[in-house]
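# Coordinates in review
Listed below are the residues making up each chain.
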Amino acid sequence: MPIHTNKSLALLGGSPVRTQPWPKWPRANQGTEKLLLDVLHSGRWAISGMYNGEDLYEKRFAAAFAQFHGVSYCVPVVNGSAAITMALEALGVGFGDEVLVPGITWVACASAVLRVGGVPVLVDVDENTLCMSAHAARAALTQNTKAILLVHLYCSFADLDAFSALSKETDIPIIEDCSQAHGAIWDGRRVGSYGKIAVFSMQDTKVLTSGEGGAAITNDQGLYEVMQQLRADGRIYRRTPINNQNELEEIGSVQGRNMCLSEFQSAILFDRLQYLDQENSIRRKNADHLNSRLKEIGGVQQIAVPQKGEAVTYYQYCGKVDLGQFGDIDIHTLCNAMTCELGIVFEPIDNPLNNNILYNPLLAKRVVPDQFIRSKINPKIYSLPNAVNASRLHFTFPHKGLLGDEADVECIVQAFEKIKANKVLLNEFKKSKQ
Ligand SMILES: *Cc1c(COP(=O)(O)O)cnc(C)c1O
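Let us look at the structure shown here. Because the structure is a prediction, the values reported are computed rather than measured.

## Brief notes about the sheet that holds strand β4 (residues 145-151)
Spatial ordering of the open sheet is given by β1-β9-β8-β5-β4-β2-β3, a layout of seven strands whose pairing is mixed. The open sheet terminates on both sides in strands that have one partner only, identified here as β1 (73-77) and β3 (119-123). Neighbouring strand axes in the sheet, compared pairwise and without regard to direction, differ in orientation by 25° on average. In this structure, strand β2 (residues 98-102) lies alongside β4, joined through three bridges in parallel fashion. Of the residues in β4, the one forming a bridge with Val99 is Ala147. Together, β1, β2, β4, β5 (174-177), β8 (197-201) and β9 (214-218) form the strand contacts of helix α3 (residues 80-90), whose direction differs from that of β8 by roughly 165°. On top of the sheet, helix α7 (residues 221-231) reaches β1, β8 and β9; it is set at about 15° to β1, its chief contact.

So this is what it looks like as structure tokens:
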């Protein structure tokens, strides 16, 4: 095992544990290239282009993605945010309607609710999984609650048993946001097959990506047809397309807009989907190794995964730190120190949405004029003690850190060890900054 000869921390000018590059993300190979060229020369780059006798990659990806989840339908869209707004609109969520949103998540979950005129009701998280607490969700329900946006965050699961029961009891639909959990399995089934609708982002950092991209899946044929229209200006696929004519038929029974995924993006997703399970299991294997090594060191552990979470997807590895064992430094300093040692970005988790620079609902012109709604969208009225506490103790690093082999994992372990061994130094550094 390589031992760091220079004991001084990289943060303080010493030599880092690792200078080698990490596995590259996103990934592509000759198969991906072939499909992209196929689109390039096909004479059709969008689903709204004229039918040319060929099956669209968009349709092929949709069919494969639905099948992958064991559900009936999939509607691909331009990004995850669009998938959320489309799902909300399909479920009839509109002006003044409340949607439960977890206190810790990417800001798009809340801003998508605002975009349809709804009120994002921020709900505190479970202190162990960092996903929405079912207990807090129940307490947040009102007569105006129209949907629950349930997010599987980082490398854990929301409690699908508790939320499925809550949904059944109250008849409030769940939109499962699986943007950080493509391919994860809960109790024998893929996440995304539990909600009334599930949404996905295929943005660059996600474990299935086309740079930008998204999708919604469902078993409900009615919702499927509405979502098709919502994302294509009120049009749906013709049953029998005609050569050189538009494959989309004008229906117009809802107000749609254009959120269609291009053929280039669809081709990439269609190709990369076949590697998803395999890449997820590599990340899982490396994470398992990391977890057992971290146990030996002490003071760092992965966030909790509920028992029924059978196959974890590591979008980001999220760990909890006992900062007392690291010289009482704050989480930002620890993350900086790790980033300097490893050359892969360690970050504190997303700031809770009641105190997040990216979440500014009072600036959303569409909803702000209404005084009553104005009072309900103000993030400061939401108390999120678990979320706030968690944000001081947790870090993440991106999944490419787990896409290599055990030697990569050992680097991460060494960095933690090195920082721990230098905790006195770090503590002095922290004080000198104050
Ligand atoms: C990435 C992400 C989104 C937003 O997706 P975009 O494709 O960036 O619009 C929504 N929800 C969650 C949980 C995400 O991680």
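## A short note on the packing of aromatic side chains
Counting across every chain of the model gives 15 aromatic pairs. Positioned above the aromatic ring of Trp25 is the side chain of Arg283, whose terminal nitrogen or guanidinium carbon lies 5.7 Å from the ring centre.

## Quick word on the site of the ligand
Neighbouring the ligand are 15 residues, the closest being Gly80, Ser81, Asp177, Ser201 and Lys206. Between an oxygen atom of the ligand and a side-chain N or O atom of Ser81, the distance comes to 2.5 Å. Within the contact set of the ligand, an oxygen atom lies 2.8 Å away from a side-chain nitrogen or oxygen of Gln180. In the complex, the protein chains occlude 92% of the 390 Å² of accessible area that the ligand would expose alone. Going through the elements one at a time, α3 and α4 (108-115) are the ones with two or more residues in the shell around the ligand. In terms of residue class, the shell around the ligand is made up of four nonpolar, nine polar and two charged.

## Looking at the pairing of strand β16 (residues 394-398)
Burial analysis of β16 places four of its five residues in the buried class, which makes it a mostly covered element. Taken together, the five bridges between strand β14 (residues 316-321) and β16 define a ladder with antiparallel strand orientation. If you follow Gln316 over to β16, its bridge partner there is Pro398. With two bridges connecting them, strand β15 (residues 347-348) and β16 associate as antiparallel partners. Looking at β16, one finds that Glu347 is bridged to Thr396.

## Some words on unusual backbone geometry
The amide bond that connects Trp25 to the next residue, Pro26, takes the cis arrangement and shows omega of 0°. One can find Pro26 in the segment before α1 (30-40). Although it is not a glycine, Leu130 adopts a positive phi angle of roughly 65°. Among the secondary structure elements, Leu130 is positioned in the loop between β3 and α5 (134-140). The class for Leu130 is buried, based on a relative accessible area of 0%. A positive phi angle, close to 65°, is found at Asp171, a residue other than glycine.

## Comments concerning the pattern of salt bridges
Throughout the structure, instances matching the rule amount to 18 salt bridges. Put simply, Glu279 and Arg27 hold a salt bridge, and the shortest N to O gap is 3.3 Å. Of the two residues, Glu279 sits in helix α8 (residues 263-297) while Arg27 sits in the segment before α1, which places them 252 residues apart along the sequence. Since its relative accessible area comes to 4%, Glu279 is described here as buried. With a closest N to O distance of 2.9 Å, Glu169 and Arg138 form a salt bridge. Placement of Glu169 in helix α6 (residues 160-170) and of Arg138 in helix α5 is noted, with a sequence separation of 31 residues between them. The structure contains a network of salt bridges with shared partners spanning Arg27, Asp271, Arg272 and Glu279.

## Re the sheet that holds strand β12 (residues 300-302)
Working definition: the strands of a sheet are paired by backbone hydrogen bonds and lie parallel or antiparallel to each other. Taken together, the four strands give an open sheet; going across it, the order is β12-β14-β16-β15, and neighbouring strands pair in antiparallel fashion. In this open sheet, the two edge strands, each paired with only one partner strand, are β12 and β15. Packing against the sheet, α8 makes contact with β12, β14 and β16, and its axis sits at approximately 10° to β14.

Reading guide: rules and limits
- Residues numbered from 1 in each chain as written.
- Predicted model: local features only at pLDDT ≥ 70, side-chain atom pairs only at ≥ 80, totals over all residues.
- Heavy atoms only, no water.
- Pairing = 2+ DSSP bridges.
- Helix = DSSP H or I, 4+ residues; strand = E, 2+ residues; numbered from the N terminus.
- Axes fitted to C-alpha atoms, helices over the stretch in contact; angles between N-to-C directions.
- Contact = heavy atoms within 4.5 Å.
- Phe/Tyr/Trp six-rings, centres within 6.5 Å; stacked < 30°, edge-to-face > 60°.
- Lys NZ or Arg CZ within 6 Å of the ring centre and 35° of its normal.
- Near = heavy atom within 4 Å.
- Polar contact = N/O pair within 3.5 Å; in protein donor to acceptor, adjacent residues only side chain to side chain.
- Areas by Shrake-Rupley, 256 points an atom, 1.4 Å probe, with all protein chains shown as cover.
- Nonpolar A, V, L, I, M, F, W, Y, C, P; charged D, E, K, R; others polar.
- Buried < 20%, exposed > 50% of the residue type's maximum accessible area, 1.4 Å probe, protein only.
- Salt bridge = Lys/Arg side-chain N within 4 Å of Asp/Glu carboxyl O.

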